[in-house]
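Each chain, letter by letter, is given below.
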Amino acid sequence: MPGSTTLNAGHGVDPVEHTDAVRLASVLRELSGLLTVDGPNRLTDAQVSALCGGQVHHRQEFGEWVAGLARELNRKITA
């Protein structure tokens with residue numbers, strides 16, 4: 001995306017454009033909902049595993065991590 005940045009291991013913190021941060025926060029909120037909702041829109045265990053790089057993760061732990069990132073990013077956006 002225009003204005004986006006690439007972060008590499010050992011690289012410092014790079015700024016992210018406000019519009020990209022708003023979009024990322026929205027995606028993280030939506031993902032959090034798809035991890036916790038019951039019904040046909042809920043992500044399957046296979047999808048959660050794929051999002052975690054094939055590693056075995058607990059849905060709840062991953063969901064809490066995603067929700068926490070969304071909250072923190074949203075806090076910084078609106079500050």
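Residues numbered from 1 in each chain as written. Predicted model: local features only at pLDDT ≥ 70, side-chain atom pairs only at ≥ 80, totals over all residues. Heavy atoms only, no water.

1. Details of the environment of Thr-78
Quick note on the threshold: For helices the rule is a DSSP run of H or I covering at least 4 residues; for strands it is a run of E covering at least 2, with both sets numbered from the N terminus onward. Each polar contact in these results corresponds to two N or O atoms within 3.5 Å; when the atoms are within protein, one needs to be able to donate a hydrogen and the other to accept it, and residues that are neighboring in sequence are counted only if both atoms are side-chain atoms.
If you trace the backbone, Thr-78 turns up in helix H3 (residues 59–78). Along the primary structure Thr-78 and Val-22 are separated by 56 residues, whereas in three dimensions their C-alpha atoms are 9.5 Å apart. Within the structure, Thr-78 has its side chain in polar contact with the backbone oxygen of Asn-74 (distance 3.0 Å). A distance of 3.4 Å separates a polar side-chain atom of Thr-78 from the backbone oxygen of Arg-75.

2. With respect to the nonpolar core
Put simply, the rule reads: By convention a nonpolar core is built from buried Ala, Val, Leu, Ile, Met, Phe, Trp, Tyr and Cys residues, the set being connected through side-chain atoms within 4.5 Å. To sort residues, take the accessible area from a 1.4 Å probe on protein chains only and compare it with the maximum for the residue type: under 20% means buried, over 50% means exposed, and anything in between is partly exposed. Here, residues are in contact when the closest pair of their heavy atoms is within 4.5 Å.
Judged by nonpolar contacts, the single largest core of 13 residues is most densely connected at Leu-31, Leu-35, Val-48, Phe-62, Val-66 and Leu-73. If sequence neighbours within four positions are ignored, Leu-73 has contacts with Ala-21, Leu-24, Ala-25 and Leu-28.

3. Re helix H1 (residues 18–36)
What counts, and what does not: How far a helix is expected to stretch is found by multiplying one less than its residue total by 1.5 Å. Note that the arc is defined by the directions from the helix axis to the C-beta atoms.
Its 19 residues place the ends of H1 27 Å apart at the C-alpha level, agreeing with the 27 Å of an ideal helix rising 1.5 Å per residue. Within H1, the full set of buried residues consists of Asp-20, Ala-21, Ala-25, Leu-28, Leu-31, Ser-32 and Leu-35. Within H1, the buried residues cover an arc of 135° as seen down the axis, which keeps them to one side. In H1, the exposed residues that point more than 90 degrees away from the buried face are Thr-19 and Glu-30. If you follow the buried residues of H1, they end up packed against helix H2 (45–51) and H3.

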